[in-house]
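Structural overview for review
The primary structure of each chain is shown beneath.
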Amino acid sequence: MAKPKKNAPEAEDENFNFIVRIASSDIDGQKRTVIGLQSIKGVGKRVAQIAAKRANVDPSVKIGTLSDEKVKELESLILTYVEYAPHWAVNRQMDYETGADMHLIGNDLDMIQKDDVNRMKMIRCYRGIRHETKHKVRGQRTRSNGRKGLTIGVQRKSS
């Protein structure tokens, strides 16, 4: 009598999508819903869980098995996250140009971060100067950590 293999791939139906496209990102259809949504840049665990809950989707079901309507609903919920989320839960509060709260995802997030760093470099603030010189920006130690080049070990005073 042959035993069935435990790790055998499950029989998938013909409507299974191996790649799901949400918000200009390709998501592996084999991943669970919350894990798959987290592969979108700017969407973390909390945002993915909230979007799945609002769309009435089981977070443990594979994202490739969802219908096209549910996928579109998830996409619209992620794109409009700022409308129903509290202001402290978005990733860009009080935008520099507009003053509005925004939740950026994908390439928009990269572009805005680069613009912020370039603005800090232009106005020559402390953080901008640290970025320019490629030093630690957030107050970390630099005496013993983050060394580059040929610096090895501790140099002792010659007596």
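Now for a quick tour of the structure.

Moving on, we come to the overall build of the protein. Of the regular secondary structure elements, the protein holds 6 helices and 2 strands. Reading the secondary structure of the protein in the N-to-C direction produces β-β-α-α-α-α-α-α. Counting only residues that meet the buried cut, the protein has 28% of its 159 residues in that class. Within the structure as shown, the protein displays about 12,300 Å² of accessible surface, and the carbon and sulfur contribution to it stands at 51%.

Let us look at the pattern of salt bridges. Counted under the stated rule, the structure contains 8 salt bridges. Between Asp110 and Lys41 there is a salt bridge; the shortest N-O distance is 3.6 Å. A residue pair is termed long-range when its members are at least 10 positions apart, and Asp110 in helix α5 (residues 107-122) and Lys41 in the loop between α1 (33-37) and α2 (45-54) qualify at 69 residues. Here Asp95 ties to Arg92 by a salt bridge, and the two come within 2.6 Å at their closest N and O atoms. When its relative accessible area of 13% is taken as the criterion, Arg92 is described as buried.

Counting through the fold element by element, Gln93 comes out in the loop between α4 (81-84) and α5. Classification of Gln93 as partly exposed rests on a relative accessible area of 39%. Linking Gln93 and His103, residues 10 residues apart in sequence, is a C-alpha distance of 8.2 Å. Filtering out sequence-adjacent residues up to four positions away, Gln93 remains in contact with His87, Trp88, Ala100 and Asp101. One polar contact links the side chain of Gln93 to the main-chain carbonyl oxygen of His87, over a distance of 3.1 Å. Looking at Gln93, its side chain comes within polar contact range of the main-chain oxygen of Trp88, at 3.3 Å.

So, on to the side chain of Thr33. Tracing the backbone through its elements, the reader meets Thr33 in helix α1. With residues near it in sequence (within four places) discarded, Thr33 still touches Ala52, Val57, Asp58, Pro59, Val61, Lys62, Ile63, Leu66 and Leu74.

Moving on to the nonpolar core. Most often, soluble globular proteins have nonpolar side chains that are buried together. Counting residues in each nonpolar core, the largest one holds 25 residues, and the members touching the most others are Ile22, Leu37, Ile40, Val43, Ile63 and Ile78. Of all the elements in the fold, those that place two or more residues in this core are β1 (19-22), α1, α2 and α3 (68-79). If we ignore the near neighbours within four places in the chain, the residues touching Ile40 are Ile22, Ser25, Ile27, Ile78 and Ile105.

Moving on, we come to the packing of aromatic side chains. Within the structure shown, the criterion is met by 2 aromatic pairs. A ring pair is formed by Phe16 and Phe18, whose centres lie 4.8 Å apart and whose planes are at 75°; its orientation type is edge-to-face. The class for Phe16 is buried, based on a relative accessible area of 7%. Note on Tyr81 and Tyr84: the rings are 5.5 Å apart at their centroids and 85° apart in plane angle, and the pair reads as edge-to-face. Of the two residues, Tyr81 and Tyr84 are both situated in helix α4; the distance of 3 residues between them amounts to about one turn of the helix. For Tyr84, a relative accessible area of 21% puts it in the partly exposed group. The ring of Tyr84 is capped by Arg54, whose NZ or CZ atom sits 4.0 Å from the centre of that ring.

What counts and how
- Residues numbered from 1 in each chain as written.
- Predicted model: local features only at pLDDT ≥ 70, side-chain atom pairs only at ≥ 80, totals over all residues.
- Heavy atoms only, no water.
- Helix = DSSP H or I, 4+ residues; strand = E, 2+ residues; numbered from the N terminus.
- Buried < 20%, exposed > 50% of the residue type's maximum accessible area, 1.4 Å probe, protein only.
- Areas by Shrake-Rupley, 256 points an atom, 1.4 Å probe, with all protein chains shown as cover.
- Salt bridge = Lys/Arg side-chain N within 4 Å of Asp/Glu carboxyl O.
- Contact = heavy atoms within 4.5 Å.
- Polar contact = N/O pair within 3.5 Å; in protein donor to acceptor, adjacent residues only side chain to side chain.
- Core = buried A, V, L, I, M, F, W, Y, C linked by side-chain atoms within 4.5 Å.
- Phe/Tyr/Trp six-rings, centres within 6.5 Å; stacked < 30°, edge-to-face > 60°.
- Lys NZ or Arg CZ within 6 Å of the ring centre and 35° of its normal.

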